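Listed here are the chains, written in short residue letters.
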Amino acid sequence: MIEIKNLTKIYKLSKKQQKEHKTKDTQKKAVDDLSLTVDRGEIFGLLGTNGAGKTTTLRCLATLLKPTSGSISIDGLDVCRDSEKVRAKISFLTNEIKMDPYFTPDYLFSFFGRLRGMDNSLVEARKKELFEYFGITDFKNKKVEELSTGMKQKVSIAVSLVHDPEIIIFDEPTNGLDIITARAVLDYLRMEKEQGKTVIVSTHVMSEAQKLCDRIAIIIDGRLAAMGTLEELEAQTQTSDLEDAFFEFYRQNVKEA
Ligand SMILES: Nc1ncnc2c1ncn2[C@@H]1O[C@H](COP(=O)(O)OP(=O)(O)OP(=O)(O)O)[C@@H](O)[C@H]1O
């Protein structure tokens, strides 16, 4: 189980950032007293507009950022104190591709498998499974720089999943993906859930949240505006689809602010 308790993250703004954001404020509260729990075996979605604080929340969860205050635990392990153990359980995925262009998918997969302390035969079996699933097999010996954007993204996803993580944290799973690749990724996440894995995703795409997630948290300006199943969110707002429900929560929260 993932437990986020009163998470707050404040960024210090550099002079350059102040200029970019057109503000005199020296800091930005990206996440504001956020609490939620994600149960084992569910697909949980963080839904919000650009800048709502979704990525920041996921990066704190993935041990990549230190919360300003509050705590996050994964199966009883604190993400700050027990970060090594937490990292062994999770995979943090994003569609920002950061792979050395001169290496091949085959090499990268094996390299990250070894880095995760896996033995060779396990890495090879996992490679076969994931490369086949994502259609990478025929491209595994090409250099990353020669691959199409979609193929690079699939390789980056496969490499991140090398250690068969119990928990998949995915920032904007279909952002920038073509429709076929996007479908393959969403189907993979559903398959992982069927196998008892926990998936937490961020998205601003209503249809994706609606189709994929068991429960959804609506984040507005870093704060939790609502949380529940699609049916619960619709019932609370007397609407019949997620987009209308979202607008209703948005209206209520912006008015109350
Ligand atoms: N490193 C940083 N330094 C300063 N401010 C930041 C930093 N990273 C994010 N922010 C700001 O914090 C707020 C939340 O950003 P975050 O990326 O978490 O939102 P998001 O919901 O993931 O949005 P998006 O969909 O645009 O990625 C935004 O106002 C953003 O500009």
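As a reminder, the structure under discussion sits directly above these lines.
None of these values were measured; they are calculated from a predicted model.

Q: How should the overall build of the protein be read in this particular structure?
A: Tallying secondary structure elements over the protein gives ten helices and ten strands in all. On C-alpha atoms alone, the protein measures out to a radius of gyration of 19 Å, which is about the 18 Å that the 2.2 N^0.38 rule sets for 257 residues. With respect to the principal axes defined by its C-alpha atoms, the protein has extents near 55 × 45 × 35 Å. Taking all 257 residues of the protein together, the buried fraction comes to 48%. For the protein, the exposed surface amounts to about 13,400 Å²; the carbon and sulfur share of it is 49%.

Q: What is the right way to read the sheet that holds strand E9 (residues 215-220) from this model?
A: Two strands in a sheet stick together by hydrogen bonds in their backbones, pointing the same way (parallel) or opposite ways (antiparallel). Overall, mixed pairing links the six strands, which are arranged E6-E7-E8-E3-E9-E10 in an open sheet. Both edges of this open sheet fall to strand E6 (90-94) and strand E10 (223-228), since each of them pairs with a single strand only. Along the sheet, successive strands turn relative to each other by an average axial angle of 15°, direction set aside. Bridging between E9 and E10 involves five bridges; their strand directions are antiparallel. From the neighbouring strand, Ile216 faces E10, where its bridge partner is Gly228.

Q: Quick question: what am I supposed to make of the site of the ligand here?
A: As a structural note, the neighbourhood of the ligand is formed by 15 residues, with Gly51, Gly53, Lys54, Thr55 and Thr56 the closest of them. At 2.7 Å, a backbone N or O of Gly51 approaches an oxygen atom of the ligand. At 2.6 Å, a side-chain N or O of Thr55 approaches an oxygen atom of the ligand. When contributions to the shell around the ligand are tallied by element, the ones reaching two or more residues are strand E2 (27-38) and helix H2 (54-61). By residue number, the principal contributor to the shell around the ligand is H2, which donates three residues.

Q: Sorry if this is basic, but what is going on with the side chain of Thr56 here?
A: Checked against the element boundaries, Thr56 lands in helix H2. Ignoring sequence-local partners within four residues, the contact set of Thr56 consists of Lys9, Tyr11, Ala30, Val31 and Leu65.

Q: When you look at unusual backbone geometry in this model, what are you seeing that I'm missing?
A: Leaving glycine out, the prevailing phi sign among residues is negative, and the prevailing peptide bond configuration is trans. Phi at Asp33 takes a positive value of approximately 55°, unusual for a residue other than glycine. When you line up the elements, Asp33 lands in strand E2. Of the residues examined, Asp33 reaches a relative accessible area of 39% and is grouped as partly exposed. Residue Asp221 is not a glycine yet carries a positive backbone phi of 50°. Considering the arrangement of structural elements, one finds Asp221 in the loop between E9 and E10.

Q: Any chance you could explain the layout of surface pockets here in plain terms?
A: Once rolled over the atoms, a probe with the size of a water molecule shows which space is left empty. Taken as a whole, the largest pocket holds about 680 Å³ of empty space. Mapped by element, the contributors of at least two residues to the lining of the largest pocket are H2, E6, helix H4 (105-115) and helix H6 (149-160). Looking at the lining of the largest pocket, the element that brings in the most residues is E6, giving five residues. Among the residues forming the lining of the largest pocket, the class breakdown is twelve nonpolar, six polar and seven charged. Within this model, the second largest pocket holds a volume of roughly 220 Å³. If you go around the second largest pocket, the residues you meet are Thr174, Ile179, Ala182, Arg183, Leu186, Asp187, Arg190, Val205, Ser207, Glu208 and Lys211. If you list the elements that add at least two residues to the lining of the second largest pocket, you get helix H7 (179-194) and helix H8 (206-212).

Q: Looking at this model, I keep getting lost on the pattern of salt bridges. Mind explaining?
A: Oppositely charged side chains are able to pair whenever their charged atoms sit close together. Within this structure, the stated rule accounts for 18 salt bridges. The residue Lys89 makes a salt bridge to Asp75 at a minimum N-O spacing of 3.0 Å. One end of the pair, Lys89, is in helix H3 (residues 83-89); the other, Asp75, is in the loop between strand E4 (69-74) and strand E5 (77-78), with 14 residues separating them in the sequence. On the basis of relative accessibility, which here comes to 28%, the residue Asp75 falls in the partly exposed class. With a shortest N-O distance of 2.8 Å, Asp187 and Arg190 are connected by a salt bridge. One end of the pair is Asp187 and the other is Arg190, both in helix H7 and three residues apart, which spans about a single turn. Judged by relative accessible area, which is 29%, Arg190 ranks as partly exposed.

What counts, and at which threshold
For every chain, the first residue of its written sequence is number 1, and the numbers climb from 1 along that sequence. Predicted model: local features are reported for residues with pLDDT of at least 70 only, side-chain atom pairs are reported and counted for 80 or more only, and whole-chain, interface and lining totals are derived from all residues. Excluded from the side-chain calculation are hydrogens and water; included are all heavy atoms of the structure. Helix and strand definitions here come from DSSP, where helices need a minimum of 4 consecutive H or I residues and strands a minimum of 2 consecutive E residues; each element is numbered from the N-terminal end. Computation of the radius of gyration draws on C-alpha atoms alone. For the globule rule, the value is 2.2 Å times the number of residues to the power 0.38. Burial classification: accessible surface area is computed with a 1.4 Å probe over protein chains only, and a residue below 20% of its type maximum counts as buried, one above 50% as exposed, and the rest as partly exposed. Using a 1.4 Å probe, the Shrake-Rupley method yields the accessible areas, and only the shown protein chains count as cover for residues. For two strands to count as paired, DSSP must find a minimum of two bridges between them. Between the N-to-C directions of two axes lies an angle of 0 to 180 degrees, each axis being a line fitted to C-alpha atoms and, for a helix, fitted only over the stretch in contact. Being near a molecule or strand, for a residue, means having at least one of its heavy atoms within 4 Å of it. Within 3.5 Å is the distance limit for a polar contact, defined as a pair of N or O atoms, with the added protein rule that one can donate a hydrogen and the other accept it, and that residues adjacent in sequence qualify only through two side-chain atoms. The criterion used for residue contact is that any of the two residues' heavy atoms lie within 4.5 Å. Two kinds of site are reported from a 1 Å grid over the protein atoms alone, namely cavities, where a 1.4 Å probe fits but cannot get out, and pockets, open sets with protein on both sides within 12 Å along at least five of seven lines, and residues are called lining when an atom falls within 4 Å of a point. Grid points are joined across faces, edges and corners, and a volume is the space filled by probe spheres set on the points. Residue polarity is assigned by list, with Asp, Glu, Lys and Arg as charged and Ala, Val, Leu, Ile, Met, Phe, Trp, Tyr, Cys and Pro as nonpolar; anything else, Gly included, falls into the polar class. When a carboxyl oxygen of Asp or Glu is within 4 Å of a side-chain nitrogen of Lys or Arg, the pair counts as a salt bridge.

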